[in-house]
Amino acid sequence: AGLWQHYVARLGLADVMSSYLAEAKPDTLHFTTKVEAIERVNSTKYGANSYRVTSRVRRNGSVGTHTSTFDHVIFCVPAPDVLAIRGLVDLLPRWCVDALRRVEYDSRDTVAIFYDGSMRPHLS
């Protein structure tokens, strides 16, 4: 399967994440949360391949730190930000880290406009 999966996102990028989440069927979701660190731990609840995640959480105008343990973790952040999460690079295969470090972004926008065929005479 590899690192990359390709989708046609007819409903936008939220459609891609919805697909991943539908497949994963998570017990919990954490929004308004910035993951600061992750480490592999041995959990009595989740087993030897569990992950302790330390996050900065924003609730009711205040920010606090929260730690939770999970059996799986999905990150939905740009490549430069995911590499800044303490401990994550140590958990990924080297080829994944190298691929993430090579990601470049282009600030140009692309617009595609499609017209019904009946508009052709009016556009020439």
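In this report, we go over the structure that sits alongside the text. Everything numeric here is computed off the predicted structure, so don't read it as measured data.

### Some words on the overall build of the protein
On a plain count of helices and strands, the protein comes out with 5 helices and 3 strands. Going from the N terminus to the C terminus, the protein shows its helices and strands as α-β-β-β-α-α-α-α. Counting only residues that meet the buried cut, the protein has 18% of its 124 residues in that class. Contacts spanning at least 24 positions in sequence make up 31% of the contacts within the protein whose residues lie at least 6 apart. As presented, the protein carries roughly 10,300 Å² of accessible surface, and 52% of it is formed by carbon and sulfur atoms.

### A look at the nonpolar core
Counting residues in each nonpolar core, the largest one holds 9 residues, listed as I38, Y51, V53, F70, A79, V82, I85, L88 and L100. With residues near it in sequence (within four places) discarded, L88 still touches I38, F75 and V82.

### Observations regarding the side chain of S55
Take S55: it is sitting in strand 2 (residues 47-59). Aside from chain neighbours lying at most four places away, what touches S55 is T33, K34, V35, E36, G64, T65 and H66.

The rules behind each value
Residues numbered from 1 in each chain as written. Predicted model: local features only at pLDDT ≥ 70, side-chain atom pairs only at ≥ 80, totals over all residues. Heavy atoms only, no water. Helix = DSSP H or I, 4+ residues; strand = E, 2+ residues; numbered from the N terminus. Buried < 20%, exposed > 50% of the residue type's maximum accessible area, 1.4 Å probe, protein only. Contact = heavy atoms within 4.5 Å. Areas by Shrake-Rupley, 256 points an atom, 1.4 Å probe, with all protein chains shown as cover. Core = buried A, V, L, I, M, F, W, Y, C linked by side-chain atoms within 4.5 Å.

By themselves, these observations are geometric and do not establish any function.
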